[in-house]
Amino acid sequence: MPIGALDKISYNQVGNPNLLDNTNFKNPVAQRGSGSFQLDWKYCIDRWVLLGDYNVGTHKLTFDAGYQTSRFGLDAISYMRQGLEKLDAGTYTLSAGIGNNVYSQTISVGSTVASQAWNMGLFYFIYEKFSGQNTQWFGFGVVPGTSSPGNVALDWIKLELGDTATPYVPKSYSDELDECSRYFISAVGYGTVGIVNNPGFRCFIPTPVMMRGVTPTVTVKTTDNVVFGGTFKALTTSATGAQRFKNGILVNIGTGTTGVTNTPGIAFGLIVDISCDI
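Residues numbered from 1 in each chain as written. Predicted model: local features only at pLDDT ≥ 70, side-chain atom pairs only at ≥ 80, totals over all residues. Heavy atoms only, no water.

Trainee: I tried to follow the overall build of the protein on my own but got confused; where do I start?
Mentor: From N to C terminus, the protein includes 2 helices and 20 strands. Based on the C-alpha atoms only, the size of the protein along its principal axes is roughly 70 × 55 × 35 Å. Put simply, the protein has 278 residues, and 46% of those count as buried. In the protein, 65% of the contacts between residues at least 6 apart in sequence involve partners at least 24 apart. Distance between charge centroids for the protein: 7 Å, based on 19 positive and 20 negative side chains. (Helix = DSSP H or I, 4+ residues; strand = E, 2+ residues; numbered from the N terminus. Buried < 20%, exposed > 50% of the residue type's maximum accessible area, 1.4 Å probe, protein only. Contact = heavy atoms within 4.5 Å. Lys, Arg positive; Asp, Glu negative; His and termini not counted. Charge placed at Lys NZ, Arg CZ, Asp CG, Glu CD.)

Okay, here's the thing in structure tokens:
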């Protein structure tokens, strides 16, 4: 038997790699918070864009009349989706688990525009590809219920190459965190050193992984002060000129300094979020 080849029985026991990130909804990476989200096309748990109502603790997506859209030939749907860039054309299988029940759908992925949904009974699988974008979106959604808002609590979700749903094997939390951190990192920057100028604090904030190759968006969550030359000045929430490097982010944080040039400083209480999300 050639090296690397597996018989079908062994193959189905081992399973294909999961192409999605943060797929164990019972223990998700949730750097933006672990409560409830009501959002309109914004990120909730890491890597997942939400239109609707999602509770992290119960891992339940609920239809919300205030956060829904008419799409996929449906009058109204709330859903969560995750984007994958530069995915090869081919046949893929999207599967999800609720308790001992597994739901799956084969999807033909290509370069053409797509907006599709498949009714799984308790929820819908969705697939989207927009014009002029090299990103494929996969996810799940719910529609209005007859007596109360539709909802679903998926335990996990998986996307794999091929036309067969193979077993879901959860990644470790640390592996999921590393993968998610390519796109978003929260609460970093404490004790950052840099150069104070007039005005501004140009600093390099290390990141645990190399982030996605786009211009980062830096959001200042806690300003505090920058200490330099035996004094200190307050930082502002302004964050400009961010650049991504292999081991961190270079950014200019606003200050109230005047008459200062190229003076080393340290921001003990600085806390920022860094986004390189799709």
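Trainee: Please explain the nonpolar core as it appears in this structure.
Mentor: Nonpolar side chains in soluble globular proteins tend to be buried together. Grouped together as the largest cluster of nonpolar side chains are 36 residues, with contacts concentrated most on Ile45, Trp48, Met80, Phe123, Phe125, Phe140 and Ile157. Beyond its immediate sequence surroundings of up to four residues, Met80 is in contact with Cys44, Ile45, Trp48, Val49, Leu50, Tyr54, Leu61, Phe138, Gly139 and Phe140. Membership of the second largest hydrophobic core comes to 22 residues, among which are Phe201, Phe228, Ala242 and Ile249. (Core = buried A, V, L, I, M, F, W, Y, C linked by side-chain atoms within 4.5 Å.)

Trainee: Would you mind showing me how to read the confidence of the model for the protein here?
Mentor: Atom-level detail of predicted coordinates should not be read off regions where pLDDT is low. Overall, the predicted model of the protein reaches an average pLDDT of 93, with 95% of residues at or above 70. Contacts of residues 1-6 to residues separated by more than four positions or lying in other chains number 1 contact, the stretch itself having pLDDT below 50. (pLDDT = per-residue confidence, 0-100.)

Trainee: Is there a simple way to think about the sheet that holds strand β5 (residues 90-98) in this case?
Mentor: Sheets are built from strands that pair by backbone hydrogen bonding, the pairs being arranged parallel or antiparallel. The antiparallel open sheet is built from 3 strands, whose spatial order is β6-β5-β11. Because the sheet does not close on itself, it has two edges, and the strands there are β6 (101-109) and β11 (156-161). Pairs of neighbouring strands in the sheet enclose a mean axial angle of 20°, with direction left out of account. Pairing of β5 with β6 involves 9 bridges; the strand directions are antiparallel. Residue pairing for β6: Tyr92 is matched across the bridge by Ile107. (Pairing = 2+ DSSP bridges. Axes fitted to C-alpha atoms, helices over the stretch in contact; angles between N-to-C directions.)

Trainee: It is not clear to me how the pairing of β11 should be interpreted in this structure. Could you clarify?
Mentor: Within a regular beta strand, the side chains point alternately toward one face of the sheet and then the other, so they alternate between its two faces. Within β11, 5 of the 6 residues are buried, which leaves the element mostly enclosed by the surrounding structure. For β5 and β11, the ladder comprises 6 bridges, and the chain directions are antiparallel. Within β11, the residue paired with Thr93 across the bridge is Glu160.

Trainee: Could you clarify how one ought to interpret the sheet that holds strand β12 (residues 184-188) in this entry?
Mentor: On the basis of which strands lie adjacent, the open sheet formed by 3 strands has the order β12-β20-β15 and antiparallel pairing. Both edges of this open sheet fall to β12 and β15 (217-222), since each of them pairs with a single strand only. Neighbouring strand axes in the sheet, compared pairwise and without regard to direction, differ in orientation by 15° on average. Sheet topology note: the β15/strand β20 (residues 271-275) ladder contains 5 bridges and is antiparallel. Residue pairing in the sheet places Thr222 in a bridge with Ile271 of β20.

Trainee: Any chance you could explain the state of the cysteines here in plain terms?
Mentor: Two cysteines, two sulfur atoms, one covalent bond between them: this is a disulfide. Under the definition given, this model contains 0 disulfides. Note on Cys203: no disulfide assigned, nearest cysteine sulfur contributed by Cys276 at a separation of 15 Å. (Disulfide = S-S within 2.5 Å.)

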